[in-house]
Amino acid sequence: HAVAGDGRDDAVDLDAPFTLFAGGASGTVQAIRTDGDQLETLVGRYPNTNATADLARFRRGNFPDVLGVAYDDAAQRLYLVAGNTIYVVRWTDRDDVLTWTIDELSDPSNVAAYRDGALAFARFFAPAGLLFDDATRILYVADAGNHVIRAIDLTTNQVSTVVGTPAVRGYFGDGLAAGEALLDGPTAITRGPGGELYVADTGNHRIRRVDATDAVE
């Protein structure tokens, strides 16, 4: 489950074999492994000037702020949002950082915009929180700049909008279908024990709930 952090850390993922921290302005993802107590940098900016291509541990030094992180244990993939782009980190051996690579999943231009459809061409605007649902293989994105929650189907590589009205900021829609609601800069999302989604509707200073019937409250 992704939850908000404070100060330097913008989000935490507790569903991994390590606790993951989205480092915000540090431009990194950090972790504490379940079998240890040391904080280590997994992904992002690296102080060594001799960066090595796109190996995840040695990403370019100007990597953007990292605001959200999620982990797929079955596929051994780590997802993160940095700038206006969704990234995936893959590895052959989780304990050998030299096997890790990082790639853009969404439109690599990093242009702030809104576009659903094929993941490779999808555009986001200041995405923040992530939530990976391992049962459905859907990666949810709190797309703060577009005031919506987006869903990335990792089986079909299609992006859709599931909560909110794209590019319209407001507070509206309690009791109505999720697609009719208005949000204001949502920054985090998680799932409850009954399958409902909880959204941090940050600009409205509210927690919004999307129930099993796809209604917002």
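About the criteria used
Residues numbered from 1 in each chain as written. Predicted model: local features only at pLDDT ≥ 70, side-chain atom pairs only at ≥ 80, totals over all residues. Heavy atoms only, no water. Pairing = 2+ DSSP bridges. Helix = DSSP H or I, 4+ residues; strand = E, 2+ residues; numbered from the N terminus. Axes fitted to C-alpha atoms, helices over the stretch in contact; angles between N-to-C directions. Phe/Tyr/Trp six-rings, centres within 6.5 Å; stacked < 30°, edge-to-face > 60°. Lys NZ or Arg CZ within 6 Å of the ring centre and 35° of its normal. Core = buried A, V, L, I, M, F, W, Y, C linked by side-chain atoms within 4.5 Å. Buried < 20%, exposed > 50% of the residue type's maximum accessible area, 1.4 Å probe, protein only. pLDDT = per-residue confidence, 0-100. Contact = heavy atoms within 4.5 Å. Salt bridge = Lys/Arg side-chain N within 4 Å of Asp/Glu carboxyl O.

### What about the pairing of strand 15 (residues 188-191)?
Inference 1: With four bridges joining them, strand 15 and strand 16 (residues 197-201) adopt antiparallel strand pairing. By the bridge assignment for strand 16, Ala-188 is matched with Ala-200.
Inference 2: Between strand 15 and strand 16, which pair antiparallel and follow one another directly, the connecting turn spans five residues, one of which, Gly-195, has a positive phi of 95 degrees.

### Brief notes about the sheet that holds strand 17 (residues 206-210)
Inference 1: Across the sheet, three strands lie side by side as 15-16-17; this open sheet has antiparallel pairing. Taken across any chain shown, the strands that pair with only one partner, and hence form the sheet edges, are strand 15 and strand 17. Put simply, the sheet's adjacent strands are angled 20 degrees from each other on average, direction ignored.
Inference 2: Judged from the five bridges that link them, strand 16 and strand 17 form a sheet pairing that is antiparallel. Each bridged residue has a counterpart across the sheet, and for Leu-197 the counterpart in strand 17 is Val-210.

### So, the packing of aromatic side chains
Any pair of aromatic rings gets described here by the distance separating the centres and the angle formed by the planes.
Inference 1: Evaluated as defined, the whole model comprises four aromatic pairs.
Inference 2: Positioned above the aromatic ring of Tyr-171 is the side chain of Arg-206, whose terminal nitrogen or guanidinium carbon lies 5.5 Å from the ring centre.

### A look at the nonpolar core
Inference 1: Of all hydrophobic cores here, the largest spans 21 residues; its most connected members are Leu-20, Val-43, Leu-78, Leu-80 and Val-89.
Inference 2: Of all the elements in the fold, those that place two or more residues in this core are strand 3 (18-22), strand 4 (28-33), strand 5 (39-44), strand 6 (66-72), strand 7 (77-82) and strand 8 (85-90).
Inference 3: One finds Val-81, Val-88, Leu-105 and Leu-119 within the second-largest nonpolar core, a separate group that totals 16 residues.

### Section: the sheet that holds strand 14 (residues 158-163)
Inference 1: Taken together, five strands build an open sheet; the order of strands is 10-14-13-12-11 and the sheet is antiparallel. On the outer flanks of this sheet lie strand 10 (117-118) and strand 11 (127-133), each paired with one strand and no other.
Inference 2: Relative to strand 14, strand 13 (residues 148-153) is paired through five bridges, and the arrangement is antiparallel. Counted as the bridge partner of Ala-151 is Ser-160 from strand 14.

### Looking at the confidence of the model for the protein
Inference 1: Confidence in the prediction of the protein, expressed as mean pLDDT, is 87, and 89% of residues score 70 or more.
Inference 2: Across the protein, element-level confidence peaks in strand 10 with a mean pLDDT of 98 and bottoms out in strand 1 (residues 2-4) with 39.
Inference 3: Taken together, the stretch residues 1-8 has pLDDT below 50 and engages in 23 contacts with residues farther than four places along the chain or on a different chain.

### With respect to unusual backbone geometry
Inference 1: With a phi close to 65 degrees, Asn-110 is a non-glycine residue in the positive phi region.
Inference 2: Judged by its relative accessible area of 32%, Asn-110 falls in the partly exposed class.
Inference 3: Even without being a glycine, Arg-137 presents a positive backbone phi close to 55 degrees.
Inference 4: Within the secondary structure, Arg-137 is located in the loop between strand 11 and strand 12 (138-143).

### A look at the pattern of salt bridges
Inference 1: Applying the stated rule across the entire model yields 11 salt bridges.
Inference 2: Here Arg-150 ties to Asp-143 by a salt bridge, and the two come within 2.6 Å at their closest N and O atoms.
Inference 3: Looking at Arg-150, the relative accessible area reads 0%, which means it is buried.
Inference 4: One network of salt bridges, in which partners are shared, links Asp-107, Arg-115 and Arg-123.

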